[in-house]
Amino acid sequence: MNGPDFHADALDLPSVSGAYVLLIHLADSLPVNLVGRPEAILAPGHYLYCGSARGPGGIKARVGRHMQKDKSIRWHVDRLTVKGTALGAWVFPGRDECELVAMLAGMPVPIPGFGSSDCETCASHLLAWPTGTALPFDSRSN
Ligand SMILES: [Zn+2]
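Trainee: Lay out the overall build of the protein with the relevant residues and their values.
Mentor: Tallying secondary structure elements over the protein gives three helices and seven strands in all. Sequence-ordered secondary structure for the protein, helices as α and strands as β, is β-β-β-β-β-α-α-β-α-β. A compact globule built from 142 residues would reach a C-alpha radius of gyration of about 14 Å, and the protein, at 14 Å, matches this within 12%. For the protein, restricting intrachain contacts to residue pairs at least 6 apart in sequence, the fraction spanning at least 24 positions comes to 68%.

Trainee: Any chance you could break down the environment of Leu 100 for me, citing the residues and the numbers?
Mentor: Mapped onto the secondary structure, Leu 100 falls in helix α3 (residues 97-103). In sequence terms Leu 100 and Tyr 49 are 51 residues apart; their C-alpha atoms lie 9.5 Å from each other. Dropping the residues within four chain positions of it, Leu 100 is found in contact with Ala 19, Val 21, Cys 50, Phe 92 and Arg 95.

Trainee: Help me get a handle on the pairing of strand β5 (residues 45-53), residues and values and all.
Mentor: When strand β2 (residues 18-26) meets β5, the two strands line up antiparallel, connected through nine bridges. Pairing of Leu 22 across the sheet is with Tyr 49, part of β5. Inspection of the sheet shows β5 paired to strand β7 (residues 126-129) by four bridges, in the antiparallel sense. Across the sheet, Tyr 47 pairs through a bridge with Ala 128, a residue of β7.

Trainee: Can you explain the sheet that holds strand β6 (residues 85-93)? Please cite residues and give values.
Mentor: Here we have five strands laid out as an open sheet, ordered β1-β6-β2-β5-β7, and antiparallel in their pairing. Looking at strand neighbours, the two that pair on one side only are β1 (5-7) and β7, the edges of this open sheet. Pairs of neighbouring strands in the sheet enclose a mean axial angle of 25°, with direction left out of account. Inspection of the sheet shows β1 paired to β6 by three bridges, in the antiparallel sense. Note that in β6 the partner of Asp 5 across the bridge is Val 91. Helix-sheet contacts for helix α1 (residues 58-66) involve β2, β5 and β6, and the interaxial angle to β2 is about 15°.

Trainee: Kindly report on the nonpolar core, identifying the contributing residues and their values.
Mentor: Within the largest apolar cluster, 30 residues are counted, with the highest numbers of intra-cluster contacts made by Tyr 20, Val 21, Leu 22, Tyr 47, Leu 48, Tyr 49 and Ala 89. Counting residues per element, the ones that place at least two in this core are β2, β5, α1, β6, α3 and β7. For this core, the leading source of residues is β2, giving six residues. Apart from the residues lying within four places of it in its own chain, the contact partners of Tyr 47 are Ile 24, Leu 26, Leu 80, Leu 126, Leu 127, Ala 128 and Trp 129.

Trainee: Break down the pairing of β2 for me, with residues and values.
Mentor: Within β2, seven of the nine residues are buried, which leaves the element mostly enclosed by the surrounding structure. The pairing of β2 with β6 spans eight bridges and is classified as antiparallel. Looking across to β6, one finds that Leu 23 is bridged to Gly 88.

Trainee: Residues and numbers for α1, please.
Mentor: One full turn of an α-helix is made of 3.6 residues, so residues set three or four places apart face in the same direction. Along α1, the positions that sit buried rather than exposed are Gly 58, Ile 59, Arg 62, Val 63 and His 66. Each buried residue of α1 sits inside an arc of 90° when the element is viewed along its axis, so together they form one side. Of the surrounding elements, those touching the buried residues of α1 are β2, β5, α2 (78-83) and β6.

Trainee: Pulling in residues and values, what's your account of the environment of Thr 131?
Mentor: The residue Thr 131 is located in the segment after β7 in this model. A count of 9 C-beta atoms within 10 Å places Thr 131 in the exposed class. Put simply, Thr 131 and Gly 45 are 86 residues apart on the chain and 7.8 Å apart in space, counted from C-alpha to C-alpha. The residues touching Thr 131, leaving out its near neighbours within four places in the chain, are Gly 45 and Asn 142.

Criteria and cut-off values
Residues numbered from 1 in each chain as written. Predicted model: local features only at pLDDT ≥ 70, side-chain atom pairs only at ≥ 80, totals over all residues. Helix = DSSP H or I, 4+ residues; strand = E, 2+ residues; numbered from the N terminus. Rg over C-alpha atoms; globule rule 2.2 N^0.38 Å. Contact = placed C-beta atoms within 7 Å. Pairing = 2+ DSSP bridges. Axes fitted to C-alpha atoms, helices over the stretch in contact; angles between N-to-C directions. Core = buried A, V, L, I, M, F, W, Y, C linked by C-beta atoms within 7 Å. Buried ≥ 20, exposed ≤ 12 C-beta atoms within 10 Å, placed from the backbone. Arc of directions from axis to C-beta.

Below, the structure written as structure tokens:
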């Protein structure tokens, strides 16, 4: 795969359908309660959330929403982007979020089932990005 573009500015995002990896930073630990599961605590650090957008406005609309602080909680990931900071996203036009999760195999799964309630393939659509770990699609380090 060619190196995807990282967009730190929501205004630069393309209005196309596809998938993205959202980079989130938590400065503080965050308790997360998913329905029917014991409370999990996310440690401070960097997280990678794999999502896709196929509706109007595509990736630009979806990732733009992730990067907004002021919103109602609708998806699991909203808890992280409200309490933490969505720093930007790598964009993969025409791809599927589960492909991105597969590409990131080996990254720790902090909360099984997070963002993947409707998915039979992935353990989670949220992965932790441990400090000093290389990403398969970007040479930056955290
Ligand atoms: Zn999946």
